[in-house]
Amino acid sequence: VSDVSLTRQERGVSARPAPHAVAAATTWGWLPLLSVTAACGVFLVSVGDTEARMGQPWAEAFLWIGLVVLFAPVAARLMWHGLGRNEGLGLTLILGVGLYLTKFLHSPLGFTFPDELMHVRTAEDILLHRHLLFPNPLLPVSPYYPALEIVTTSIATLTGSSIFISGLIVLAVLRVILVFSLYGLLHEISRSPRIAGMGVVLYMANSNFLSFSSIFAYESLGIPFMFTVLFILVKRESMAARYRFSLAAIALSAMVVIITGHHVSALALLLLLVTWAAVRGVIRLFHTHVRGPSVMPFALASLIGTTAYILVVAHLTIGYLAPQLRGAITALMSLIAREQNGNNSTRQLFHSSGGLVAPAWERGVAIAAVLCILVVLPIGVWQVYKRYSLRPLAIVLGLAALLYPCTLALRLVGASWQIGNRSSEFVFLPLCFVLGSGIVLLWLPGRFTFVRTLTAMLWASIIFIGGAVTSGPHVLHMPGPYLQSADERSVVPNSIAAASWMRVAVGSGNVVASDWSNNLLLGSMGQQEPALTSNGSIDTSYFFFAATLSSFQKHYMHTGRIHYIVIDNRLSTYVPLGTTFQGYNTVGEKYAGRPVPKRLLRKFTLPRRSERLYDNGDLYIYDVSRVGRTS
Amino acid sequence: LLLVAVGAVTAVVIVMLGGGASVVRVLMVLPLVLVLPGYAFAAAMFPSFEGVRGVPEEASLTISERTLIVLSMSIAATVVLGFLINLNPGGFAARSWAYALSGFVLVCDGVAVIRRLRSPVRVHRRHRRYVARKQVLLSVLALGIVASAVVIGEVGAQQQPYPGFTEMWILPAQSTLSNSFTVGVVNQQASPQVYMVRIHSRHHMLYHSTWFTLVPRATWTRSLHLGVRRAGRAYVTLYRSQAPHKPYRTVFVHVVRNLSKTARPAIQPATLSVESRGANNFTMRVANRGTSSQTYLVVIRAHHHRLYHSPLFTVQSGGIRTFEVHLRVRHTGSARVRLYRSQSLHKPYKTVFVKVVQNKPAHGP
């Protein structure tokens, strides 16, 4: 890899290394002191969360101040001179773990995020049935990618601890793997601790890192292992030939985890490896002196493994991913063609589906963050092509970083904003390398001044805070009192009590119809089978939004084998933040962003054979198994 | 490698001993999943995993890279072994996991030992890096701050104020008799609450409890067999002492007719009988035929005058309360003996008429 012509200055050390710089490269440097500032940041976030639970409106300030205290000093140190590899790695690890703790403090008593509840169901099924591949009504594709749940349940089985505790331990280990692998990958490509450190820090600025990358869901396992495979393959180039077989075995083992762990990560890795192999082939056409082990066998292994697994085992994957991708592409094409209609119409930025608007300062920071990225992106791409033109993976990352503006376009369309949002975890891998290279090589190439470092730190902090504020509706940034149809804010004791009662009193596996938030709880903690269109059941919105239960609707319920209906009376008193009932019924659209009329909820009392078995004030559970039998 | 083997065997022994989740068990068994398989696998792959003399730093593996390989390969091994265990009919039992993981560790350990013996490269330990006392203190301080942040977060989440609630439910009882149900009430409020349960059909009261107190998290359950003369709904209503006339929770079930239309309901919660012993002396008997204790009140009136008013008294289920009454009456005629229940003191529950004779001046104090 002699083509990598970074000067010592560009790597962050002066031309003649001073004794203190040499010492810094081998010791922990500022790491202990900055670990204290990072801990203070976590402490502020914790205080903010506690105050937010008490309903204090000013508590959010603690979150943002805490995040800045956690992030900014680490970012500043990573840009300053004399940064050693251990110190850089330690700082990024502290930041990664600190951000993991931030998510943990959001819900420290149990898994509450929607995706977490879906995967808890898979884990519960494994513990209950002691085997894999039991259908999951909340996320049908989840049982086919059980790697995370296998590791979690193995710990739960062996130690006797709960899925929550076991999951937290696994997620913490995965966070360490993510930081080490990403830092190692970027360091191997750039040979610069500063670019590697800045890259990792900028990766943590993606909008999903604060919460989504730390939740108990399969991408929390898939992405770290994707980085691990890439790192091992890059490391393979610089290691002695006798170690290549061992590293190949490690890379293939990690690949198995991705293929059986997360579909999108497996596909992303496949795409990266194929592109990497192709670019390497093109470079070797023009530069025959470029040597090193080929990645083609790994691309082939990934292709064969991923395809075989999807076709033989996880055949639901195609049905799960294809409609979403097709919908996103169609919506995007419509946007381009200005054929805006229905659900595919242009989405209003910073507006949730429930009509909530993000505060002005959040909108400002989010836009500033995008601008900060877009300004440095071309510079970074140019620097990458200039410095790493003979490193195939660097070229691939440089090309992939150009996808970032496309993901911004996806956010503009209602049908594809979710894909645009979720893709940030993948797009930020090339982006963080390109931005890190751009800022370090151009703005901080060795002339260390306070103003330059401060400017760069501000730039990175804006990107980080901009990513954090766009991670979701602003009311979900912190815990707090109950909100209707608001993901983790809808997980409250009486909803949990109803789900737990069903599991104990009527047993598991009953087909149940309810609103989206309660469906998640009933499916995970209640071990019931929520009727969702995503799992092939009937569209329950047809009878939830009906004014009365006609004989047709009763018969419809009967054909859908609906045994229980769980009604949340808060639907008629609170403004929902998101989707209330999943389905295609357009009648429901007129109730978007406003409470459902009480009469729609009370109609389940009327049928003669309907029985209300449970009442806790907010939730009613009806047994409707005998309703519609004679219709 | 010896330590790895010993650790694996120790973890298996702890798993076999069983018991609940404890810190010791977690700390001893956790490496069996997250550290030992990866370490043993990497040691088998790299006989010189601990560092090679003469090999430049860049061509070797750093501590962080080794840590990464150990952790990621541990997870990979667990996943692959998980798929293999799934083929076993016994599935994911603790024993299966313990045997599979420890077996994998011991096999890799053995391979690593053999490869190291054959390896031409000498293994040596790296120089220890000494950390300054100030750095240790700062790290301890950071850990202390993080620990306090976690404690504050946990306590804050546990003490988050939520509105209290009460659960009430009804389920068919495990009985061959029709109309057999189990009713339950759970107090999820922060303070003790006083409740009363009443079950009625459209026309009849089928059951009512006395007022009962539930401390937080306590549960009240009753198995009931309802005698019903007309099929339809039976409503179970919960009342709270704070608002005794306002239904607090309501559930309902469908009941079938299990009594003839002319038959009296099978459940006769109470009977009142009055026996005259002459000279306005009476023996009154209140029998509670219900399934739970009840609180009653007896009032005797004649010609718009109240002749007798008992205190509230409680009769246990199946019990009888007898008491003697001597009445002083201004006019000969009939007196009305009424039994009231504490649930509805304004509404007479039973009424019996008795003959009384004048034994007191018609006028005067």
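Look up a bit, the structure's there.
This one's a predicted model, so the numbers in the text were calculated from it and none came from an experiment. (Residues numbered from 1 in each chain as written. Chains lettered and ligands numbered in written order. Predicted model: local features only at pLDDT ≥ 70, side-chain atom pairs only at ≥ 80, totals over all residues. Heavy atoms only, no water.)

(A) Representation of the packing of aromatic side chains within the structure. What the rule picks out here adds up to 32 aromatic pairs over all chains. Summarising the aromatic geometry, the rings of A:F71 and A:F464 are spaced 4.2 Å apart at their centres and angled 5 degrees between planes, so their arrangement reads as stacked. Note that A:F71 is positioned in helix α4 (residues 59-79) and A:F464 in helix α20 (residues 450-469), a separation of 393 residues in sequence. Exposure class is identical for A:F71 and A:F464. Each is buried. Here A:W501 and B:W169 contribute two aromatic rings whose centre-to-centre distance is 6.4 Å and whose plane-to-plane angle is 45 degrees, an arrangement assigned as tilted. Of this pair, A:W501 sits in helix α21 (residues 493-505) while B:W169 sits in strand β1 (residues 165-172), on two different chains. Linked through ring pairs, A:Y542, A:F543, A:F544, A:F552, A:Y556, A:F604, A:Y620, A:Y622, B:Y235 and B:F252 together constitute an aromatic cluster. Of note, B:R249 hangs over the ring of B:Y248, and the distance from its end group to the ring centre comes to 4.0 Å. Looking at B:R341, its charged tip hangs above the ring of B:Y349, at a distance of 4.1 Å from the centre. (Phe/Tyr/Trp six-rings, centres within 6.5 Å; stacked < 30°, edge-to-face > 60°. Helix = DSSP H or I, 4+ residues; strand = E, 2+ residues; numbered from the N terminus. Buried < 20%, exposed > 50% of the residue type's maximum accessible area, 1.4 Å probe, protein only. Lys NZ or Arg CZ within 6 Å of the ring centre and 35° of its normal.)

(B) Quick look at the sheet that holds strand β14 (residues 320-326) of chain B. Residues and elements named next belong to chain B. On the basis of which strands lie adjacent, the open sheet formed by 3 strands has the order β9-β10-β14 and antiparallel pairing. Strand pairing shows two members of the sheet lacking a second neighbour, β9 (270-276) and β14, which therefore form its edges. The average undirected angle you get between the axes of adjacent strands in this sheet is 15 degrees. (Pairing = 2+ DSSP bridges. Axes fitted to C-alpha atoms, helices over the stretch in contact; angles between N-to-C directions.)

(C) Structural view of the interface of chain A and chain B. Across the contact, 93 residues belong to chain A and 84 residues belong to chain B. A combined buried area of about 7400 Å² lies between chain A and chain B, and 71% of that area is made up of carbon and sulfur atoms. Measuring nitrogen to oxygen at the nearest pair gives 3.0 Å for the salt bridge that ties B:E65 to A:R85. At the junction of chain A and chain B, the tally comes to 24 residue pairs in polar contact (both at pLDDT 80 or more). Elements that contribute at least two residues to the side of chain A that touches chain B include exactly α3 (31-53), α5 (85-106), α7 (147-159), α8 (163-190), α10 (219-238), α11 (244-259), α21 and β4 (611-615) of chain A. Sort the elements by how many residues they give to the side of chain A that touches chain B and α3(A) lands first, with 11 residues. Residues of the side of chain A that touches chain B, tallied by class, amount to 56 nonpolar, 24 polar and 13 charged. Across 2 bridges, the pairing between β4(A) and β1(B) is antiparallel. (Contact = heavy atoms within 4.5 Å. Buried area = accessible area lost by both parts, 1.4 Å probe. Salt bridge = Lys/Arg side-chain N within 4 Å of Asp/Glu carboxyl O. Polar contact = N/O pair within 3.5 Å; in protein donor to acceptor, adjacent residues only side chain to side chain. Nonpolar A, V, L, I, M, F, W, Y, C, P; charged D, E, K, R; others polar.)

(D) Representation of the side chain of A:S214. Residue and element names in this part refer to chain A. Considering the arrangement of structural elements, one finds S214 in the loop between α9 (193-203) and α10. Owing to a relative accessible area of 1%, S214 belongs among the buried residues under this scheme. In this structure the side chain of S214 is engaged in a polar contact, spanning 2.7 Å, whose partner is the side chain of R175. Residues within four places of S214 in sequence aside, it is in contact with Y100, K103, L171, R175, F209 and S220.

(E) Quick peek at the pairing of strand β5 (residues 619-623) of chain A. All names here are of chain A. A large share of β5 lies buried, amounting to 5 of its 5 residues. Here β5 shows a buried face lined by L619, I621 and D623 and a second buried face lined by Y620 and Y622. In this structure, β4 lies alongside β5, joined through 4 bridges in antiparallel fashion. Within β5, the position partnered with R612 by the bridge is Y622. Counted between consecutive antiparallel strands, the loop separating β4 from β5 contains 3 residues, among which G617 sits at a positive phi close to 100 degrees.

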